[in-house]
Amino acid sequence: MCFEKGSITEDYMLHNRKRLTFEPRLSIDKQYFRFLAEDVATYDAYTDVNNRKIVVDKKHIKNKATILHEMLHAHEFILEEQKHLLKEIVLLELYKSLKPKLSQKHIDIDTWISNHANIPHNEDFANAYSIHDLLFFLKSIDLDIRCGF
């Protein structure tokens, strides 16, 4: 989730051939997030955005999917903290990028989004676990494809 040359969001950083005057601080290291391995009683891992830390249970410290899941939570927080429009741009461009990839596999991303965005389902899920909005959902699909999950 970056806004730089070669990324899916590159075009949004230019205006009349000029680059944007601010540089979004979107990386986890620039936001001073720490990765910690601890004994976690209830989850495989969690992200504490207030204290800028991602905590992974010691038993899951080598689980790539768990770590990526928590990194998504951290990145969403970072995007929201910067400029809300950045999050919307990433959401739109991810959708545009994923739609043809999934169509080739005969997967209707619009149906997946409708099912995921079902409000009662999302409220129940958020109460039981944490927030997994549309950006989180699309980025999860993108990472699944990239990582071969």
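One structure accompanies this document, and this report is about it. (Residues numbered from 1 in each chain as written. Predicted model: local features only at pLDDT ≥ 70, side-chain atom pairs only at ≥ 80, totals over all residues. Heavy atoms only, no water.)

**Comments concerning the pairing of strand E5 (residues 53-57)**
- Burial of E5 is extensive: five of the five residues sit out of reach of the surface.
- Side chains Lys53, Val55 and Asp57 project from E5 onto one buried face, and the interleaved Ile54 and Val56 project onto a second face that is buried too.
- Sheet analysis places strand E3 (residues 34-38) next to E5, joined by five bridges and oriented parallel. By the bridge assignment for E5, Glu38 is matched with Asp57.
- Alignment of strand E4 (residues 45-48) against E5, held across four bridges, turns out to be antiparallel. (Buried < 20%, exposed > 50% of the residue type's maximum accessible area, 1.4 Å probe, protein only. Helix = DSSP H or I, 4+ residues; strand = E, 2+ residues; numbered from the N terminus. Pairing = 2+ DSSP bridges.)

**Quick notes on the nonpolar core**
- Grouped together as the largest cluster of nonpolar side chains are 12 residues: Leu79, Leu86, Val90, Leu94, Leu98, Leu102, Ile109, Ile113, Leu135, Phe137, Leu138 and Ile141.
- Elements with a minimum of two residues in this core: helix H2 (84-104), helix H3 (109-116) and helix H5 (134-147).
- Looking at this core element by element, the count peaks at five residues for H2. (Core = buried A, V, L, I, M, F, W, Y, C linked by side-chain atoms within 4.5 Å.)

**Some details on the environment of Ser7**
- For Ser7, the position within the fold is in the segment before strand E1 (14-15).
- On a C-alpha basis, the gap between Ser7 and Glu93 in space is 9.9 Å, while along the polypeptide they are 86 residues apart.

**Quick word on the packing of H2 against H5**
- Where H2 contacts H5, the axes come no closer than 9 Å and their chain directions differ by 45°. With respect to each other, H2 and H5 are oriented oblique. H5 is crossed by H2, and the crossing has left-handed handedness. Contacts between H2 and H5 involve Lys87, Val90, Leu91, Leu94, Tyr95, Leu98, Lys101 and Leu102 from the first element and Leu134, Leu135, Leu138, Lys139, Ile141, Asp142 and Ile145 from the second. (Axes fitted to C-alpha atoms, helices over the stretch in contact; angles between N-to-C directions. Parallel < 35°, antiparallel > 145°, perpendicular 65-115°, else oblique. Left-handed = near helix turned anticlockwise from the far one by under 90°. Contact = heavy atoms within 4.5 Å.)

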